[in-house]
Each structure stands twice: as structure tokens, then as C-alpha cells.
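Summary of the model geometry
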Amino acid sequence: MAFNFFRWLSGKTAQEPEPVTFAEFFDLSTDLYIRELAFQSCVNLAGNALSKCEFKTYDGNVEKKGDEYYLWNVEPNQNQNSSAFLHKLVHQLFNNRTALVVQYGGKLHVADSFTRREYALYDDLFEQVTVGDFTFSQTFRQSDVLFFEVASEDMRRLTNGLYLSYGKLIAYGIQSYQKSRGTKGAMSVNVQMMGNDEFKRRYEAIQNEGFKRFANADNAVLPLYEGMNFTELAHKTYSQDTTRDIRSMIDDVTDFTARAFGIPPALLDGSVQDVGAATDQFLTFCVDPLVDNIQEEIMRKRYGRQALARGDYIRIDTSSIKHIDLLSASPNIDKLVSSGVVCINDIRALLGQPLILEPWAYSHFMTKNYATVAELLKALEGGETA
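To keep things clear, this report deals only with the structure shown in the data block. (Residues numbered from 1 in each chain as written. Predicted model: local features only at pLDDT ≥ 70, side-chain atom pairs only at ≥ 80, totals over all residues. Heavy atoms only, no water.)

With that settled, the discussion passes to the overall build of the protein. Secondary structure summary: the protein contains 13 helices and 12 strands in total. Intrachain contacts of the protein at a sequence separation of at least 6 include 58% that bridge at least 24 residues. Just so you have it, the protein exposes about 24500 Å², and 53% of that area is on carbon and sulfur atoms. (Helix = DSSP H or I, 4+ residues; strand = E, 2+ residues; numbered from the N terminus. Contact = heavy atoms within 4.5 Å. Areas by Shrake-Rupley, 256 points an atom, 1.4 Å probe, with all protein chains shown as cover.)

Volume-wise, the largest pocket comes out at about 510 Å³. In this structure, the largest pocket is lined by 20 residues; those nearest its centre are K56, E63, N345, D346 and A349. Elements with a minimum of two residues in the lining of the largest pocket: β1 (54–59) and α12 (344–350). Sorting elements by how many residues they give to the lining of the largest pocket places α12 first, with 6 residues. (1 Å grid on protein atoms, 1.4 Å probe; cavity = no way out; pocket = protein on both sides within 12 Å on 5 of 7 lines; lining within 4 Å. Points joined across faces, edges and corners; volume = space filled by probe spheres on them.)

Throughout the structure, instances matching the rule amount to 11 salt bridges. Among the salt bridges present, the one from K88 reaches D112, with a minimum N-O distance of 3.0 Å. Of this pair, K88 sits in helix α4 (residues 82–96) while D112 sits in the loop between β4 (107–110) and β5 (113–117); the two residues are 24 residues apart in sequence, bridging distant segments of the chain. Of the charged contacts, one joins K301 and E297 as a salt bridge, the two residues approaching to 2.6 Å between their closest N and O atoms. Taken together, the residues K301 and E297, both in helix α9 (residues 275–303) and 4 residues apart, mark about one turn of the helix. Both residues of the pair, K301 and E297, belong to the buried class. Within the structure, one salt-bridge network assembled from shared partners comprises R116, E118, D124 and E149. (Salt bridge = Lys/Arg side-chain N within 4 Å of Asp/Glu carboxyl O. Buried < 20%, exposed > 50% of the residue type's maximum accessible area, 1.4 Å probe, protein only.)

Before going further, it helps to spend a moment on the pairing of β4. Across 4 bridges, the pairing between strand β3 (residues 98–104) and β4 is antiparallel. What sits directly across from V101, in β4, is V110. Here β3 folds back onto β4 in antiparallel fashion, the turn holding 2 residues, of which G105 has a positive phi close to 65°. (Pairing = 2+ DSSP bridges.)

Looking now at the sheet that holds β4. Overall, antiparallel pairing links the 3 strands, which are arranged β4-β3-β9 in an open sheet. Two strands lie at the open edges of the sheet, namely β4 and β9 (146–149), each paired on one side alone. Neighbour-to-neighbour, the strand axes of the sheet open up by a mean angle of 20°, direction not taken into account. Packing of α9 onto the sheet brings it into contact with β3, β4 and β9, and relative to β9 it is tilted by some 155°. (Axes fitted to C-alpha atoms, helices over the stretch in contact; angles between N-to-C directions.)

Time to look at the sheet that holds β1. Taking strand neighbours across the sheet as the criterion, the 3 strands line up as β2-β1-β12 in an open arrangement whose pairing is antiparallel. Each end of this open sheet is capped by a strand with a single partner; those strands are β2 (62–64) and β12 (313–317). In this sheet, neighbouring strand axes are inclined to one another by 40° on average, regardless of whether the strands run parallel or antiparallel. Here β1 pairs with β2 via 3 bridges, running antiparallel. By the bridge assignment for β2, T57 is matched with K64. Packing against the sheet, α9 makes contact with β1 and β12, and its axis sits at approximately 165° to β12.

To continue, consider the side chain of T57. Relative to the elements of secondary structure, T57 occurs in strand β1. Separated by 2.5 Å, the side chain of T57 and the backbone oxygen of K64 make a polar contact. With residues up to four places along the chain from it excluded, the contact list for T57 reads V62, E63, K64, K65, E68, Y69, Y303, Y313 and I314. (Polar contact = N/O pair within 3.5 Å; in protein donor to acceptor, adjacent residues only side chain to side chain.)

Tallied over the full model, the rule gives 0 disulfides. No disulfide involves C42; its sulfur sits 8.0 Å from that of C286, the nearest cysteine. Overall, C286 belongs to the buried group, its relative accessible area being 5%. (Disulfide = S-S within 2.5 Å.)

Among the 7 residues in β3, 5 count as buried, and that is most of the element. Summarising the sheet, β3 and β9 pair through 4 bridges and their orientation is antiparallel. Across the sheet, residue L100 finds its bridge partner in β9, namely F147.

What follows covers the packing of aromatic side chains. In total, this model carries 11 aromatic pairs according to the counting rule given. Aromatic pair F39 and F261: ring centres 5.3 Å apart, planes at 70°, arrangement edge-to-face. Here F261 lies in helix α7 (residues 244–261) and F39 lies in helix α2 (residues 22–51), a separation of 222 residues in the sequence. Look at F39 and you get buried, because its relative accessible area is 1%. Ring centres of F114 and F147 lie 6.2 Å apart, and the angle between their planes is 85°; on these two criteria the pair is classed as edge-to-face. Of the two residues, F114 sits in strand β5 while F147 sits in strand β9, which places them 33 residues apart along the sequence. Here F114 falls in the partly exposed class, since its relative accessible area comes to 24%. One aromatic cluster in this structure is built from Y104, F134, F136 and F140. (Phe/Tyr/Trp six-rings, centres within 6.5 Å; stacked < 30°, edge-to-face > 60°.)

Without other data, these values stay purely geometric and don't point to any function.
Pasting the structure below:
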């Protein structure tokens, strides 16, 4: 039995009698690639945003850069840096609705697969935890791992349901576009000539090969024999139907998927108009909930209530996600420093510049224009200048 590529790609077995037609394959491949492009674009955008965040660790309410900081910001394990680790975490979380992080040898690993046994009043158990080519023989308890979940509704299942109908519409648009570029005609044949074996051979040759080459060629001549007459009904045209309608339908799929993630569609289609507002919306409705989810799980598993009471905690800083231009941000920088809200090194850290290792760089400054109401009234009554 010959190997059927269409049957293999569609997942049908050799025992199934019905053939896989090109139309079925066409719909399958169109739906598959379009939906994966939209879904994975959203996942990658969320992963890129999380990898730019800084996991700040505090000891007694004072920021410290110790082992925990190094673990989350530089090297979670011997085979991954923090960016690759966080990308894998986000990928597992959105593709599977859950993500499991286990600690082994002081290192953190995102599990590729696992089996979960759920309990209402006791710790859930995780078995058959696999990382790469290694499967742990031990059973992990819920309190010993970091377990992340997204919303109860399966995002991939919901978006796939949308693709089932919209993908067919896109495939139909592509087929219609191809048909509009084709050549169609009618050929009349003398019935009496069909009894001639030589005429019949020539007719079959033209029907099977001649018309195909004629229709696909930019410039061609179709040889006809006595008793044959070809009349063109439609020809290739490039003045009407365009690919813009198909592109618009593909963009619709991307827009629907982005909304499911809480991502403004403008960030995915590359639109630069009002990108600042779109980025703010992305941070508010997509990144911040994701960061809160991860931060809370780390706090309750790796720190706990008593550590939080002592001022020991971790905070994921999302301020570095947005690019900051030094010259355009200079007025705001001046206000932040002059109002005493931040010190100079806080600003330099925000801009990605090296810190100044001097005491004055950690001091907070305030201009003389700032004063309390009581101080202003005292200055006015005494005739002094505030």
C-alpha cells in the first residue's frame, strides 16, 4: 500500500477506508498554522515581558541580592538562564493551563510532564514528574513544589473552537482567490468523431495534459484538432479579488486570540499608533495578573507568613518592561528626584545604568519649594520667604 502523506498528516490510520482529499488537507494545514501562529505569538509576548522583569528579594525590608536573587534573575538551573526558564514556564502555563516547578539540588526546574492527584483536605501529590530525559522516582507534595494555574476555562480549547469555524472561512477565501486567477472554458466535440480511435487518443491527451499546461502557463497555445472547438468562459484577472481580504480574516483570528490573553491586538499586528496606551493595557490586564500569580506562589511556598512578617519577601518589578528613553524622560526624572520619592541610584537602576557606589547617590533630595502648610503660614506671619 502506498504511503499517503495527507492521511499521515491528518492523523488517520491506514485501516480507515475513506481517503484524505487535498481539500481536507488544505483546511487542516490552514487551520493548524494560523491558530498556532496567533496562540504562540501571544504566549511569546507574555514570556518576553516576564523575562524582562526583575525579581527583587528583600531581607528585613532591605533589598538584598543573595542566592534567591541569583536563582530567579540569573541561573535557575545548570542548563537554563533565567530568560529561558521563564519562557518555558509561561509556555507550559498557557499551553497546558498548569505549570509545575520542582527544586532538586538547590536548582529550579520546569516540569515537561507530570501526573497530579488532587485532594480536598490534604496536599496534592505529583508523580511521574519528567524534566527533559529524566523522570523523578519520588512523589512531590504540593507544599514542596511551585504549582501555577491560569483561569478555570481552558484558553486553548476556547480558541480552538473559534478556529474550527473561522479556519474554514479563511480556507474558502484562499480557494476563491485561486479560482479567480484560473482559466475556465468549454470545449465542444463532434460526437461522430469520438468513434475514431486516433481522435479519441488525441482528445484524452488534450483533456488530461494539454488543458492543465494551458491553464497554468502565462503564455501558451492550445492545439485543437478537427472536431474540437474551445471557448474561453473566464480568464485570469488581477483587477478585483486581492489577498487583503484573506489577510484581514487572519488578522481577525489574531485579534480574537489576543483578547483572550488580555493583550491589545495592536501589539501583535505591529501597529505603532498609540503604542504607549496599548502597552499600559497589556501590563494591566495580561502581565500584572501573571506576575501576581507567580509572585504569590513563590511567597507562600518559599517564604511563608513568618518570613513576610519579618520583612523577608520577593517582589517582581515590572517597571523594566517598557523601554525608557533617557532624554524624553528627563523632566519626569527631575520631578522624581526633586520630590524625594526616589534616590539617584533608583533612577539609574531603572534606566539600566551602573550604580554609583557613593553615600550621596543613595540619599533622597527635595527642593526648597516644598514645605508643609504650617511652615508656609509661619513664614508668611513672620514676613519670611518660604
